[in-house]
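Summary of the model geometry
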8 protein chains.
Amino acid sequence: MEHIMNPLVGVIMGSISDFETMKNTIYVLEDFGIPYEKRVISAHRTPNLLFEYASIAEERGLEILICAAGGAAHLPGMTASKTNLPVLGVPICSTVFQGMDSFFSISQMPKGVPVGTLAIGSAGAYNAALLAIKMLANKYSNFKEKLNQLREQQIKEVENMNNQINT
Amino acid sequence: MEHIMNPLVGVIMGSISDFETMKNTIYVLEDFGIPYEKRVISAHRTPNLLFEYASIAEERGLEILICAAGGAAHLPGMTASKTNLPVLGVPICSTVFQGMDSFFSISQMPKGVPVGTLAIGSAGAYNAALLAIKMLANKYSNFKEKLNQLREQQIKEVENMNNQINT
Amino acid sequence: MEHIMNPLVGVIMGSISDFETMKNTIYVLEDFGIPYEKRVISAHRTPNLLFEYASIAEERGLEILICAAGGAAHLPGMTASKTNLPVLGVPICSTVFQGMDSFFSISQMPKGVPVGTLAIGSAGAYNAALLAIKMLANKYSNFKEKLNQLREQQIKEVENMNNQINT
Amino acid sequence: MEHIMNPLVGVIMGSISDFETMKNTIYVLEDFGIPYEKRVISAHRTPNLLFEYASIAEERGLEILICAAGGAAHLPGMTASKTNLPVLGVPICSTVFQGMDSFFSISQMPKGVPVGTLAIGSAGAYNAALLAIKMLANKYSNFKEKLNQLREQQIKEVENMNNQINT
Amino acid sequence: MEHIMNPLVGVIMGSISDFETMKNTIYVLEDFGIPYEKRVISAHRTPNLLFEYASIAEERGLEILICAAGGAAHLPGMTASKTNLPVLGVPICSTVFQGMDSFFSISQMPKGVPVGTLAIGSAGAYNAALLAIKMLANKYSNFKEKLNQLREQQIKEVENMNNQINT
Amino acid sequence: MEHIMNPLVGVIMGSISDFETMKNTIYVLEDFGIPYEKRVISAHRTPNLLFEYASIAEERGLEILICAAGGAAHLPGMTASKTNLPVLGVPICSTVFQGMDSFFSISQMPKGVPVGTLAIGSAGAYNAALLAIKMLANKYSNFKEKLNQLREQQIKEVENMNNQINT
Amino acid sequence: MEHIMNPLVGVIMGSISDFETMKNTIYVLEDFGIPYEKRVISAHRTPNLLFEYASIAEERGLEILICAAGGAAHLPGMTASKTNLPVLGVPICSTVFQGMDSFFSISQMPKGVPVGTLAIGSAGAYNAALLAIKMLANKYSNFKEKLNQLREQQIKEVENMNNQINT
Amino acid sequence: MEHIMNPLVGVIMGSISDFETMKNTIYVLEDFGIPYEKRVISAHRTPNLLFEYASIAEERGLEILICAAGGAAHLPGMTASKTNLPVLGVPICSTVFQGMDSFFSISQMPKGVPVGTLAIGSAGAYNAALLAIKMLANKYSNFKEKLNQLREQQIKEVENMNNQINT
């Protein structure tokens, strides 16, 4: 889905090891048919690349940036410092503090430079895409239908689980 | 700015005591001229009211909901469970765990029902409005200009602070 | 034991994955011969179902609700918001914060909407049933005998363990 | 309300300094007209007194015990070890860990000896009484009416707060 | 070494599952030739047994009690409440909070009822015995020699490790 | 009481600011008539002094060392590394982490070098003295009487508190 | 001391509110006669300024950068990403998490981009300067003398405190 | 590389089990051709050895000391108390608190005795060497070239990762 249309969502991660988590973001974006692009950009190892990417993202037509990072996790915040686009952050569950350090580092942004933080790990990755789609649906109303379908599907899944434990 | 135009942003808080924090949200929305409405709705004391509010928010023309809550802080998550609109959550800094409990409760949402969590307390309240505006600016491009001005103003402020400690 | 008599205890869990933990609740209820029912109901994915279940639980003759949830864990609190029945909450030990997030989210309820929180994981699941039975035993005194037996059995178990390490 | 009728609820606290918090429990019990008694009993300084109190509480006609303690907070758990009555625990917000230590100590009870833990501090104290009343209401249905009134009153309060921030 | 001489040290643990950790305590006591006894006694499941054991420990000739417990971990504190003997506590590393809950519960004792807390898990178990021996050595000076030997041995071990990484 | 008899207990603190807390230790030692000495010795600023003090403490006739420290709190552990005497540690409640950092630093000692850790702050300071006295009472049985009196006094205090809230 | 000689140490802080803490850094640098400069530069509000400052710091003759930041605290890490100079980080003690969030964010840097983290708050600010001086002293041996004097002075201070509590 | 030139960096660890982590330090030092030495020295088991090593390190020509320790982790701080050389600390990721205890113990040093703390575990070990090299490069400018190369290499690695997820 990437290069066919101009991407609306940019998915950035600090390392290829984050991709295992961020596959969940990609899955949802593809499921909804959202044009997107994905990049490995490190705030600490490739700061210039990050600044360049973030500063031209808006004029390239991107509308939302989803940033995943573990450890000190400066990627989402530094991206937000260089763009007017809304930035969502996904804390990666690291081995040491189970993502708590990234959680703090991503969410505790100062007045004036917001990042919307999702849950740690794969649930957060999945939800980052979904929150992005909810944002986009205000402008691209064709996504609304599919959001309703997902809601129906979630109800079905719970009903199935309920049946399963009661038979 | 309320009521003149159809509100685009709904600001909900679980108690009037959260208003001290959420004044920062209101301040930013008014500063940008975003039509909004504000409500005290408690997830636990007025669950029906919350469900009604959340389920008709979209058809009433609201585009983003900002929810603030302290303690167990179920308000943002339960709002998200009843609407396709994007929901942003602001953890209130409570007396016991300094907002850590609300922080977890708001952000650790399960796959399928996202909430974008901001920093705890007044910085988060301020940033929730700003993140909402960044979202809206994709659709209502007239807000872009003011976002750039804010950015310029922030640079000025830092320069002033720098001058202040060096004179 | 389900369905033969009118259930006194409703056991609700947010996902089928919680059942591994909540088997401990079921085990105790069956051991004491308490009529019960079990349901998968998600606060976030099936909010209407939860509200319906909770709001008619009392008139259906249920006397206690035991709710298990992980992550943001809004299930126990939202159930409590819709019923006069006592609600007990079991935090599920999740992979990220070992249940700490659920622990906070379940117990830190605001004034007016109580949830009695048990220990995280299987011990809490086992004890939720036992606490429910202690409550019921005030009204249904026939459960008292079995509570005493359990107490005797626990003493025996400790004596056996003591013998084991001293032989 | 004490002493007129046989007390149904025993409120125990580890020190007189906990009374500031536990006044909230007393307030609710009196408001509902629940006969109760209150005691200062320390698990560590008066262990024999605690054991005696807990072991005859049931035959004295008490139906629920509410225990408050700070720091190591062994009072609720040790009470539960000596009675078949349901025990609710209220962690007192201490100066050092803001009640986190008591929170763990009260809730992390082993399989077989349950304590239902409420929120830390005054909200937990208030809710302990309310949860006790919800339990009692299954047997003494006359308390149900007042529970419904409280619910109505809570809705009113939220509506008032909403009016207040919108005028 | 247990029953030959009158035991000086009593090693108590809340469950047989703690024995894996407490083997380290036993190992040191046997290595130093300290007469000891070991018991499984549960504060919550066998409170009477604990009270009886603790209240006659002194007159039975015991001089130090080492108590191990996990979870809510009331064993060391309740033992201390019933004896004038010094009590040392070993937090067991549980699955949920890695012993943090036991750590708080054992160490945060109120003014007047002390417990000397050691490190969590096997290091703490080993050190509890060693601290007990250091206490006993003030009275039984024959243990001093062996304490010096252990110190020499520790130096040797470090030297060996140093040689190992440098060859 | 210092200097008249040969001191049995050495009370060391890392800074004079810890004295406010450690007055509680002194109070108990004086109340029991235990000969003691008190010193300000800093592990980091006066390491040689610490090593000298600790290495000759035993031959000077001291039998127990009580060490208080805040922040990184290396004083108790380094003292223990230089003496066969039992060492008790009191974490000082610092402004930043409320003594949590000191708590970890004092208690998490490696296999072979034990420190018995007390509660954070003034309760721990009081209890360090009391635990020291319980140790000494095995050798100096004249302290036993006073320990029993303290126990009686504690019971009285609780009874008084109980009377106070019931009148 | 600024501007007279070419500055060797650059002290950067994210906001003027950090100056209260960072005065301790300045104090030590001036006391040792280290030429320095101080700047308010915000990673989030003035990212370009930060990048420019950091990327030319080395060629301007600076040898060490000391960065202070609170909250998400990206300043030290992002500075390190743009220079070969050693970077030291001082977590500012914020109101919400007492600097814990900054602590994690500054220290948990990924492989390849180091920041040396000091203690939270004023002690860390003081020590950052001292650690910088210890580094510089390897090259500028004239600072060694004063380091020894400081050491002597610290010993004196402890001796004075000791005298104070013993008179 | 060790014994050919006079070592500039001393790498000390508290136990041979820390070597698995500290191999990362060695790797970087060797890669840059920095003369170094490595030692197992335990603050608690070999305090005299530590004091001797630290007090003559400077006159032996060492310029930086890197200290690794787990648990109570007094090694870096006590080393710093005995030398004017800059000391860097690496918290080892222990089994119990995932290195959090070491993290606090190493970084929360008092005013006057600084330790520069790196990230927990292998990333911190790697970065300790790199930070040491950045310090040395101010004096030994021949290391600057290689620092630039490493920076280029890091950019390459990120580019490669980016290509990998986009093909």
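Small disclaimer: the values here were computed from a predicted structure and weren't measured. (Residues numbered from 1 in each chain as written. Chains lettered and ligands numbered in written order. Predicted model: local features only at pLDDT ≥ 70, side-chain atom pairs only at ≥ 80, totals over all residues. Heavy atoms only, no water.)

**Comments concerning the overall build of chain A**
Within chain A, the regular secondary structure consists of 6 helices and 5 strands. The C-alpha radius of gyration of chain A comes to 16 Å, within 12% of the 15 Å expected for a compact globule of 167 residues. Taking the principal axes of the C-alpha coordinates as reference, chain A spans close to 55 × 40 × 30 Å. Counting the 167 residues in chain A, one finds 69% classified as buried. Carbon and sulfur atoms form 50% of the exposed surface of chain A, whose accessible area is close to 5,300 Å². (Helix = DSSP H or I, 4+ residues; strand = E, 2+ residues; numbered from the N terminus. Rg over C-alpha atoms; globule rule 2.2 N^0.38 Å. Buried < 20%, exposed > 50% of the residue type's maximum accessible area, 1.4 Å probe, protein only. Areas by Shrake-Rupley, 256 points an atom, 1.4 Å probe, with all protein chains shown as cover.)

**With respect to the interface of chain E and chain C**
On the side of chain C, 13 residues touch chain E, which itself brings 16 residues to the contact. Taken together, the two surfaces of chain E and chain C that pack against each other cover about 1,400 Å², and 69% of this comes from carbon and sulfur. On the chain E side of the interface with chain C, the three residues burying the most area are I16, R45 and F97 of chain E, jointly 43% of the side's total. At the junction of chain E with chain C, the criterion picks out 0 salt bridges. (Contact = heavy atoms within 4.5 Å. Buried area = accessible area lost by both parts, 1.4 Å probe. Salt bridge = Lys/Arg side-chain N within 4 Å of Asp/Glu carboxyl O.)

**Topic: the packing of aromatic side chains**
Under the defined criterion, the tally for this structure stands at 28 aromatic pairs over all chains. Where F104 of chain D meets F104 of chain E, the ring centres are 6.0 Å apart and the plane angle is 10°; that geometry is what we call stacked. Of the two residues, F104 of chain D sits in helix 4 (residues 100-107) while F104 of chain E sits in helix 4 (residues 100-107), which places them in two different chains. An identical accessibility class is assigned to F104 of chain D and F104 of chain E; each is buried. For the cation-ring pair, K146 of chain C lies above F32 of chain C, with the distance from its terminal atom to the ring centre recorded as 5.5 Å. (Phe/Tyr/Trp six-rings, centres within 6.5 Å; stacked < 30°, edge-to-face > 60°. Lys NZ or Arg CZ within 6 Å of the ring centre and 35° of its normal.)

**Things to note about the relation of the copies chain E and chain C**
Copy one and copy two of the chain differ by a rotation about an axis and a translation along that axis. The transformation that overlays chain E on chain C combines an axial shift of 0.0 Å with a rotation of 90°, and the residual RMSD is 0.0 Å. Within this description, the copies of the chain are treated as partners about a four-fold rotation axis. Considering only C-alpha atoms, the part of chain E nearest the rotation axis is F97 of chain E, at 6.4 Å. Taken together, the interface assignments show that only 6% of the residues at the interface of chain E recur at the interface of chain C, consistent with different surfaces on the two copies. (Least-squares fit on C-alpha atoms with pLDDT ≥ 70 in both.)

**Side note on the environment of V40 of chain B**
Within the secondary structure, V40 of chain B sits in strand 2 (residues 36-40). What makes V40 of chain B buried here is its relative accessible area of 0%. Sequence separation between V40 of chain B and L50 of chain B is 10 residues, and the spatial gap between their C-alpha atoms is 9.6 Å. With near-sequence residues (within four places) excluded, V40 of chain B lies in contact with M13, G14, S15 and I16 of chain B together with V158, M161, N162 and I165 of chain D.

**Digging into the relation of the copies chain B and chain A**
In screw terms, the move from chain B to chain A is a rotation of 180° and a rise of 0.0 Å along the axis, fitting with an RMSD of 0.0 Å. Within this description, the copies of the chain are treated as partners about a two-fold rotation axis. An overlap of 100% is found between the interface residues of chain B and their copies at the interface of chain A, pointing to a shared contact surface.

**Topic: the interface of chain B and chain A**
Counting residues at the interface gives 44 residues for chain B, matched by 44 residues for chain A. Taking both partners together, chain B and chain A bury about 3,600 Å²; carbon and sulfur atoms supply 53% of that area. Our enumeration of links across chain B and chain A arrives at 2 salt bridges. Between E58 of chain A and K144 of chain B there is a salt bridge, with the nearest N and O atoms lying 2.6 Å from each other. The interface formed by chain B and chain A includes 29 residue pairs in polar contact (both at pLDDT 80 or more). Listing elements by their share of the side of chain B that touches chain A, those giving two or more residues are helix 4 (100-107), strand 5 (116-117), helix 5 (122-137) and helix 6 (142-165) of chain B. (Polar contact = N/O pair within 3.5 Å; in protein donor to acceptor, adjacent residues only side chain to side chain.)

**Description of the side chain of D101 of chain G**
Residue placement: D101 of chain G occurs in helix 4 (residues 100-107). With near-sequence residues (within four places) excluded, D101 of chain G lies in contact with F104 and Q108 of chain A together with G71 and S94 of chain G.

**Focus on helix 4 (residues 100-107) of chain H**
Across the 8 residues that make up helix 4 of chain H, a large majority, 7, are buried. For helix 4 of chain H, the full list of buried residues reads D101, S102, F103, F104, S105, I106 and S107 of chain H. Buried positions along helix 4 of chain H lie against helix 4 (100-107) of chain F, helix 4 of chain G together with strand 3 (64-69), helix 3 (75-80), strand 4 (87-91) and strand 5 (116-117) of chain H.

**Structural notes on unusual backbone geometry**
Not every positive phi belongs to a glycine, and A73 of chain A is a case in point at roughly 50°. Residue placement: A73 of chain A occurs in the loop between strand 3 (64-69) and helix 3 (75-80).

**Quick notes on the pairing of strand 4 of chain H**
All names here are of chain H. Among the 5 residues that make up strand 4, 5 are buried, leaving the element largely enclosed by the rest of the structure. Where burial is concerned, the two faces of strand 4 agree: the one with V87, G89 and P91 and the one with L88 and V90 are both buried. Relative to strand 4, strand 3 is paired through 5 bridges, and the arrangement is parallel. Directly across from A68, in strand 4, lies its bridge partner V90. By the bridge criterion, 2 bridges tie strand 4 to strand 5 in an arrangement that is parallel. Opposite G89, over in strand 5, you have T117 as the bridge partner. (Pairing = 2+ DSSP bridges.)

**Concerning the confidence of the model for chain A**
Residue-level pLDDT values for chain A average 95, and 97% of them are 70 or greater. Model confidence for the complex is summarised by a pTM of 0.96, with the ipTM given as 0.95. (pLDDT = per-residue confidence, 0-100.)

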